[in-house]
Amino acid sequence: LDACPEVAAGDADVVLVRFDADLKCLKRLRVTSPGPQFATAIDIADTATFVAGLYTGTPDFGDGQLLAPDSGQDAFVACFDGDLQIQWSEALPVGLPLDDLRGPAVAASAGDVVVAGVFAGTPVYAGDAYIPDGPSDILLIRRNGGDGGLQWVEQFGNNADEPGLLSLAAAPGGDLVLSGVIDG
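Each chain has its residues counted from 1, running along the sequence as written. Under the rules for a predicted model, residues below a pLDDT of 70 receive no local features and side-chain atom pairs below 80 are neither given nor counted, while totals for whole chains, interfaces and linings still include all residues. Side-chain descriptors were evaluated using all non-hydrogen atoms of the structure, hydrogens and water having been removed beforehand.

1. Concerning the overall build of the protein chain
Turning to step 1, where the next piece is worked out: When helices and strands are counted, the protein chain shows 0 helices and 14 strands.
Turning to step 2, where the next piece is worked out: Elements are defined by DSSP. Helices are runs of H or I of four residues or more, strands are runs of E of two residues or more, and each kind is numbered from the N terminus. In sequence order, the secondary structure elements of the protein chain are arranged as β-β-β-β-β-β-β-β-β-β-β-β-β-β.
Turning to step 3, where the next piece is worked out: In the protein chain, which comprises 184 residues, the proportion classed as buried is 43%.
Turning to step 4, where the next piece is worked out: For the accessible areas, the method is Shrake-Rupley and the probe is 1.4 Å, while residue cover comes only from the protein chains on display. For the protein chain, the exposed surface amounts to about 8800 Å²; the carbon and sulfur share of it is 51%. Any residue under 20% of the maximum accessible area for its type is buried, any over 50% is exposed, and the rest in between are partly exposed; the area is computed with a 1.4 Å probe on protein chains only.

Encoded structure:
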């Protein structure tokens, strides 16, 4: 990354670097906040780049600061265009007392974005509360790639703890493949 220098401004920051086919740095973006944030997943669909991860503090991806977590870390998903200009960003889910969405993974599917993660607590989307069957469950959240609008939420799990370690991929035609670890 030395070919694309940037000044550090936070504890641990999200960094996005766009390279050409010869690994020449085209653009670098660093998202800072007083606390650490981590990009844990990235996927590309057409000209959109989707990034998911965890944060503390109040990072600003370029469209306004995300709300500070109640405690621990919150998860985020952000959409950038081909020049790494922010289109939208969102905290996922909002308002839980624990670390909100552990180990978020992301997949681009038919121009939209699906985020997977392990949750504890009771997130609420579009008025529906999601209560884990055990200490935690897996949550899939589909958002419109253009504006980030919520499309659907699905919950999976059993009465044991879901440790996380998720990967998510979209197959041609829009099917999703989720892999991870499940106890019980």
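2. Section: the sheet that holds strand β5 (residues 74–80)
Turning to step 1, where the next piece is worked out: Here a strand pair is declared whenever DSSP counts at least two bridges between the two strands. Pairing is antiparallel across the open sheet formed by 4 strands, whose spatial order is β3-β4-β5-β6. Taken across any chain shown, the strands that pair with only one partner, and hence form the sheet edges, are β3 (37–45) and β6 (86–92). Taking the axes of each pair of neighbouring strands and ignoring which way they run, one obtains an average angle of 15° across the sheet.
Turning to step 2, where the next piece is worked out: Here β5 pairs with β6 via 6 bridges, running antiparallel. In the strand pairing of β6, C79 is matched with W88. To get an axis, fit a line to the C-alpha atoms, keeping to the stretch in contact for a helix; angles then go from 0 to 180 degrees between the N-to-C directions.

3. Notes on the side chain of T56
Turning to step 1, where the next piece is worked out: Looking at where T56 falls in the secondary structure, it is placed in the loop between β4 (48–55) and β5.
Turning to step 2, where the next piece is worked out: On the basis of relative accessible area, T56 is assigned to the buried category, the value being 16%.
Turning to step 3, where the next piece is worked out: Two residues qualify as a contact provided that any one of their heavy atoms is within 4.5 Å of a heavy atom in the partner residue. Apart from the residues lying within four places of it in its own chain, the contact partners of T56 are S33, G35, P36, Q37, P69, G72 and Q73.

4. Focus: the nonpolar core
Turning to step 1, where the next piece is worked out: If you look at the biggest cluster of nonpolar residues, it comprises 21 residues, and the most contacted ones within it are F50, L92, V106, V113, Y125 and L139.
Turning to step 2, where the next piece is worked out: Of all elements in the fold, only β3, β4, β5, β6, β7 (101–109), β8 (112–119) and β11 (137–143) reach the threshold of two or more residues within this core.
Turning to step 3, where the next piece is worked out: Of all hydrophobic cores here, the second largest spans 14 residues; its members include L29, Y55, F76 and I86. For this analysis, a nonpolar core means a set of buried residues of the types Ala, Val, Leu, Ile, Met, Phe, Trp, Tyr and Cys, connected via side-chain atoms within 4.5 Å.

5. A word on the packing of aromatic side chains
Turning to step 1, where the next piece is worked out: Only the six-membered ring of Trp is used, alongside the rings of Phe and Tyr, when aromatic pairs are assigned; centres must lie within 6.5 Å, and planes under 30 degrees apart are stacked while those over 60 apart are edge-to-face, with the rest tilted. Tallying each qualifying case throughout the model produces 2 aromatic pairs.
Turning to step 2, where the next piece is worked out: Taken together, a centroid distance of 4.8 Å and an interplanar angle of 45° make the contact between F61 and F76 tilted. Within this pair, whereas F61 is found in the loop between β4 and β5, its partner F76 is found in strand β5, the two being separated by 15 residues in sequence. As far as burial versus exposure is concerned, F61 and F76 are alike and both buried.
Turning to step 3, where the next piece is worked out: Counting every residue linked through ring pairs, the aromatic cluster contains F61, F76 and F80.

6. Considerations on the confidence of the model for the protein chain
Turning to step 1, where the next piece is worked out: Values of pLDDT, which run from 0 to 100, indicate the predictor's confidence residue by residue. Looking at the protein chain as a whole, its pLDDT mean stands at 80, while 85% of the residues score no less than 70.
Turning to step 2, where the next piece is worked out: Segment residues 94–98 is flagged for pLDDT under 50; beyond a separation of four residues in sequence, or across chains, it makes 12 contacts in the model.

7. As for the environment of G134
Turning to step 1, where the next piece is worked out: Within the secondary structure layout, G134 lies in the loop between β10 (128–129) and β11.
Turning to step 2, where the next piece is worked out: In this structure the C-alpha to C-alpha distance between G134 and D161, which are 27 residues apart in sequence, comes to 5.9 Å.

8. Observations regarding the environment of F38
Turning to step 1, where the next piece is worked out: Tracing the backbone shows F38 in strand β3.
Turning to step 2, where the next piece is worked out: Each C-alpha atom of the pair F38 and Y55 lies 6.3 Å from the other, and the pair is 17 residues apart in sequence.
Turning to step 3, where the next piece is worked out: In this structure F38 touches A12, V14, A52, G53, L54, Q73 and F76, once residues within four positions along its chain are discounted.

9. Observations concerning the environment of N159
Turning to step 1, where the next piece is worked out: Secondary-structure assignment places N159 in the loop between β12 (150–156) and β13 (164–170).
Turning to step 2, where the next piece is worked out: Residues N159 and S136, 23 residues apart in the sequence, show an inter-C-alpha distance of 8.2 Å.
Turning to step 3, where the next piece is worked out: Residues contacting N159, with those up to four places away along its chain left out, are D133, G134 and P135.

10. A word on the pairing of β8
Turning to step 1, where the next piece is worked out: Among the 8 residues in β8, 8 count as buried, and that is most of the element.
Turning to step 2, where the next piece is worked out: Side chains D112, V114, A116 and V118 of β8 all project onto a buried face; the interleaved residues V113, V115, G117 and F119 project onto the opposite face, where all are buried too.

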